[in-house]
Amino acid sequence: MSQHLTRLFDLPNYQLRHTPQDKAFNTKIKGQWVALSTQDYCFQIDIISNALIALGVQVDDKIAIVVDKNSVEWHILDMAILQIGAVNVPLYATLSSKDYEFILNHSDSKLCFVSNKDLFEKVQAVQKNTQVSSVFSFDNTVSDHNWEKLLTLGKNTAPHSEVEARKANISPKHLATIIYTSGTTGVPKGVMITHEELLHTVKLCKDLLNLNEPYLPMLSYLPISHVFERLVMYYYQYMGFQIYFAESLEKLVENLQEVKPVFLPIVPRLLEKIFDKIIAKGNELSGLKKVLFFWAVRLAENTELDQKRGWQHEIADTLIYSKWRAIFGGHLRFLVSGSAPLQERLIKVFSGAGLPIYEGYGMTESSGVISLNGYKKGESRLKTVGKVVSDLEIKIAEDGEILLKGPNVFKGYYKDEANTNDAIKEGLFHTGDIGDLCKDGFLKITDRKKAIFKTSGGKYIAPAIIENIMKQSPFIEQIMVIGEGYKMPAALIQVNYEFVKDWAEKNTHPLKDVTTDAILIARIQEDIDRYNESLGHWEQIKKFEITPDEWTVEAGHLTPTLKLRRKVIKEKYQALFTKIYAE
């Protein structure tokens, strides 16, 4: 069936042959969903390819794309770039000007496309320090260099023979994209991924996910510059699903209820926020309704993944769980969580409520997938990230580091021989993650190798595990465990401002400063004491300090994928660090 599918840009015509549709891509314009057919998608790809060639784009040229939200233009441009042998360099909209300048320079990008005026001005401000000759905008009102002009150029430029000639010469091993890692520990590295590496993972998804009917509705909302969403979008096109673009994160729930997707990729932080809002709604109830709500929560929490549902679940489903599923549109069959560890409690609660969550593990360097919990009975297990995918060889080094080799694993970092040689040794990619492979094939992840530290007493601390446990507290939005070289682990905490505000109002407690309020600190301590009970004595959080501001991507606390920048956070709150360990 897929013998003609060897390069990523083969996907549109593959869909045209097997599952052509009128609603391949759907965008909300002035309150209405406007569709683009598979036929028009293929046509516009060729038009834009023609335009790029007219602009002088050569094979192996790099083209950067920065968008604040997903759009059909991104995908048309992506395929147009790939089929003329150029290389797509996606960038996050949340990067600083300094990061834009570095990546545009390091990647040797010749052109840059942006989605709006703010991004246009941000890139234009550093353009003179880069090799970028032109900045184009998808928004036609921002600049003369815009999407409409590019379509016109492509239509008016003579025939597409050059496009077809280039397509014929592109090998599956040709470089397709350079994805820059978010740089939790230093300068971003450009992960080079070929057509065949990404396409291998796309085809794997067909077996990993139990979605076999074409034309199913899907919602795109995660950052397309991240390999997770990029892979999922290629998978949707491969399967012939209908793709709808979310208007914004603020309108995500509204769009979910309109589109009614059957599958949703999700990141833990977003799921945590949704669950917090569900619980907040429950706390607003009173009397019997409140009793029933929290009875249903406990029932879901205590339901094993493969447990047969009984009469209690039927009652809870009718009264409570059906309302939770309605938040996601009511037709969701399952979710896949990736990019960071997910709380075990959330997996049990949502799965018990009829929203199975399959936690997986992947990296940019593995084209998005390494392992995944499965939908078949016995193929999903808590405290693991599932079974390793087929064709991927995995080894656990003596120090516990996970090592990989396989057809979806990258071959190196762009213009970075030192980091490439450090990461790939004897043909095995060193992931930097510490884990354990069970005898029956399930993989467990402990922490990032560089994040694990030792106390002065010689005990090893895996902070991610502790942080994940502590984030079960509704008072804690973000937490970073510290203590390398000190006698005990401690923590820096950013409170959940929305929850804390509601808590203070309900308890008629005037709250002036979250960092010093004794009653709030004592309440958070209660949760920490409770969660400490599940940890070894040497792992328990003995002290904590509350930071005075919110941890954000823009301020540098978090990467664009919402991972902690530990070094930055420690530097920002050095005074609090010193206060904790002053005694």
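Up top is the structure.
On a predicted model such as this, the values are computed, not experimentally measured, just so you know.

Visitor: Would you take a moment to explain helix α6 (residues 147-156) for this structure?
Guide: Structurally, the α-helix is built with 3.6 residues per turn, so residues lying three or four positions apart point the same way. Burial in α6 covers these residues: W147, L150, L151 and G154. Relative to the axis of α6, the buried residues are bounded by an arc of 100° and lie together on one face. Against α2 (38-54), α3 (72-83), β5 (109-114) and β6 (134-137) lie the buried residues of α6. Among the residues of α6, the N-terminal cap falls to N146, whose side-chain oxygen and the backbone nitrogen of E148 are separated by 3.1 Å.

Visitor: Would you mind showing me how to read the sheet that holds strand β24 (residues 490-495) here?
Guide: Think of a sheet as strands paired side by side through backbone hydrogen bonds, with each pair either parallel or antiparallel. The mixed open sheet is built from three strands, whose spatial order is β23-β24-β25. On the outer flanks of this sheet lie β23 (476-482) and β25 (543-546), each paired with one strand and no other. Here the average twist between neighbouring strands, direction ignored, is 25°. Alignment of β23 against β24, held across six bridges, turns out to be antiparallel. Each residue of the ladder has a partner; that of M480, found in β24, is L492.

Visitor: Would you explain the pattern of salt bridges in this entry?
Guide: Pairing is possible between side chains of opposite charge, provided their charged atoms come close. Counting across every chain of the model gives 29 salt bridges. Across the salt bridge formed by E164 and K167, the nearest N and O atoms sit 3.8 Å from each other. Of this pair, E164 and K167 both sit in helix α7 (residues 161-169), separated by three residues, roughly a single helical turn. A salt bridge links E477 to R269; the shortest N-O distance between them is 3.0 Å. Placement of E477 in strand β23 and of R269 in helix α11 (residues 268-284) is noted, with a sequence separation of 208 residues between them. Both residues of the pair, E477 and R269, belong to the buried class. Look at the salt bridges and you will find they share partners, linking R269, E272, K273, K471 and E477 into a network.

Rules behind the numbers
Residues numbered from 1 in each chain as written. Predicted model: local features only at pLDDT ≥ 70, side-chain atom pairs only at ≥ 80, totals over all residues. Heavy atoms only, no water. Buried < 20%, exposed > 50% of the residue type's maximum accessible area, 1.4 Å probe, protein only. Helix = DSSP H or I, 4+ residues; strand = E, 2+ residues; numbered from the N terminus. Arc of directions from axis to C-beta. Contact = heavy atoms within 4.5 Å. Polar contact = N/O pair within 3.5 Å; in protein donor to acceptor, adjacent residues only side chain to side chain. Pairing = 2+ DSSP bridges. Axes fitted to C-alpha atoms, helices over the stretch in contact; angles between N-to-C directions. Salt bridge = Lys/Arg side-chain N within 4 Å of Asp/Glu carboxyl O.

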